[in-house]
Amino acid sequence: MASAAPVLHDAVTARRNLRVGLMAFAGALAMLGLGYASVPLYRLFCQVTGFGGTTMIATEAQAATAAANATGQTISIRFDASTAGDMPWVFAPSQATDTITIGERDIATYVARNSGSVPITGMATFNVEPEQAGKYFNKIQCFCFTEQTLAPGQEVTMPVLYYVDPAMLQDPNMKGVEQITLSYTFHRASGPEAAAPAGTN
C-alpha cells in the first residue's frame, strides 16, 4: 500500500507534464501559423485602412457614387516609377503630373520595356504620399493587380483607372494637401520563363 503513493504521484506528474508539453507544442504551432499569416494579414489591413499609403480598390458603383459627390475641386497627382535592382526593365510614367477633379475618375498610364534577353515576369508594388491620402486614393483597374510578363525587348503601355474620394475634403489631416504622389516599383515575380507575354490589365 505504501508504495502506491509514489506510483500515483509519478502518474499525475507524467500527465501534467504531457499536458504542459502539448500546450507548448500547440503554442509553437500557433506562432508558426501567425508568422506565415502576418504578411498577408498586414497587407489586408493596409488595403482596408490605407495604412502606410496603401491605396484602396473600388468598384464601378463606388466610383459612380464618388463622381456624384464631386464638387469641382481639383488636386495634382504626381506619378513615380522605379524598378528593383535585379529587374532589367525600363519603367516610367507617361507623364510626370496631372491635375484631376476630386471624385471624378481619371486614367494614367505607365510604360514598361524589358531590356533583358529572356522573358521576365514582374509584379508592381505601390503606395501614395502623403500616407494619409492612401484611404482616399481608389483604383478601379490597375496593371498592379496582376503579374506582367514581357518578352525580350517588348514594350507595353499599362493603364491605371482611379479617382480620389471627395471624403478627403472633410478630413482635417488632408488639409493643405495639394498634391498626391502615386508610386510604383516593379519587382521580379519569377525567374526567366517561356510564358507568353501577358497583355495589360
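Above this note sits the structure.
Below you will find a few notes about this structure. Every chain is numbered independently, its residues counted from 1 as its sequence is written. Given that this is a predicted model, residues contribute local features only at a pLDDT of at least 70 and side-chain atom pairs are listed and counted only at 80 or more, while totals for whole chains, interfaces and linings are drawn from all residues. Side-chain descriptors were evaluated using all non-hydrogen atoms of the structure, hydrogens and water having been removed beforehand.

### As for the packing of aromatic side chains
The description of an aromatic ring pair uses the distance of the two centres, along with the angle that the planes make with each other. Only rings of Phe, Tyr and Trp enter the pairing, Trp through its six-membered ring, and a pair is recorded when the two centres are within 6.5 Å. The plane angle decides the type: under 30 degrees is stacked, over 60 is edge-to-face, the rest tilted. Using the criterion set out here, one finds eleven aromatic pairs in the structure. Where Tyr110 meets Tyr184, the ring centres are 4.9 Å apart and the plane angle is 80°; that geometry is what we call edge-to-face. Residue Tyr110 is located in strand β5 (residues 106-114), and its partner Tyr184 is located in strand β10 (residues 179-190); the two are separated by 74 residues in the primary sequence. The same class applies to Tyr110 as to Tyr184, namely buried. Centroid distance Phe143 to Phe186: 6.0 Å. Interplanar angle 20°. Geometry classified as stacked. Only runs of H or I of at least four residues qualify as helices and only runs of E of at least two qualify as strands under DSSP, and these elements are numbered from the N terminus. The classification of residues rests on relative accessible area computed with a 1.4 Å probe and restricted to protein chains. Under 20% of the type maximum is buried, over 50% is exposed, and intermediate values are partly exposed.

### Some remarks on the pattern of salt bridges
We define a salt bridge as a side-chain nitrogen of Lys or Arg found within 4 Å of a carboxyl oxygen belonging to Asp or Glu. Enumeration according to the criterion identifies three salt bridges in this entry. Residue Arg105 pairs with Glu60 through a salt bridge whose shortest N-O separation is 2.5 Å. Within this pair, whereas Arg105 is found in the loop between β4 (97-101) and β5, its partner Glu60 is found in helix α2 (residues 60-68), the two being separated by 45 residues in sequence. Arg105 gets classed as partly exposed once you look at its relative accessible area, which sits at 37%. Its salt-bridge partner being Arg188, residue Asp86 comes within 3.9 Å of it at the nearest N-O pair.

### Considering the state of the cysteines
What counts as a disulfide here is a pair of cysteine sulfur atoms lying within 2.5 Å. Tallied over the full model, the rule gives one disulfide. Shown here is the disulfide that connects Cys142 with Cys144, its sulfur atoms set 2.4 Å apart. Around the S-S axis, the bridge from Cys142 to Cys144 shows a dihedral of about 130° and counts as right-handed. Residue Cys142 shares its accessibility class with Cys144, and that shared class is buried.

### Some words on the side chain of Ser183
By the element assignment, Ser183 lies in strand β10. Judged by its relative accessible area of 12%, Ser183 is buried. A 3.5 Å cut-off defines polar contacts: any pair of N or O atoms within that distance qualifies, except that in protein one atom must be a possible hydrogen donor and the other a possible acceptor, and neighbouring residues in sequence count only when both atoms are side-chain atoms. There is a polar contact of 3.4 Å between the side chain of Ser183 and the side chain of Asp80. The contact criterion used is simple: two residues touch if any of their non-hydrogen atoms lie within 4.5 Å. What Ser183 contacts, discounting residues up to four positions off in sequence, is Asp80, Thr125, Phe126 and Asn127.

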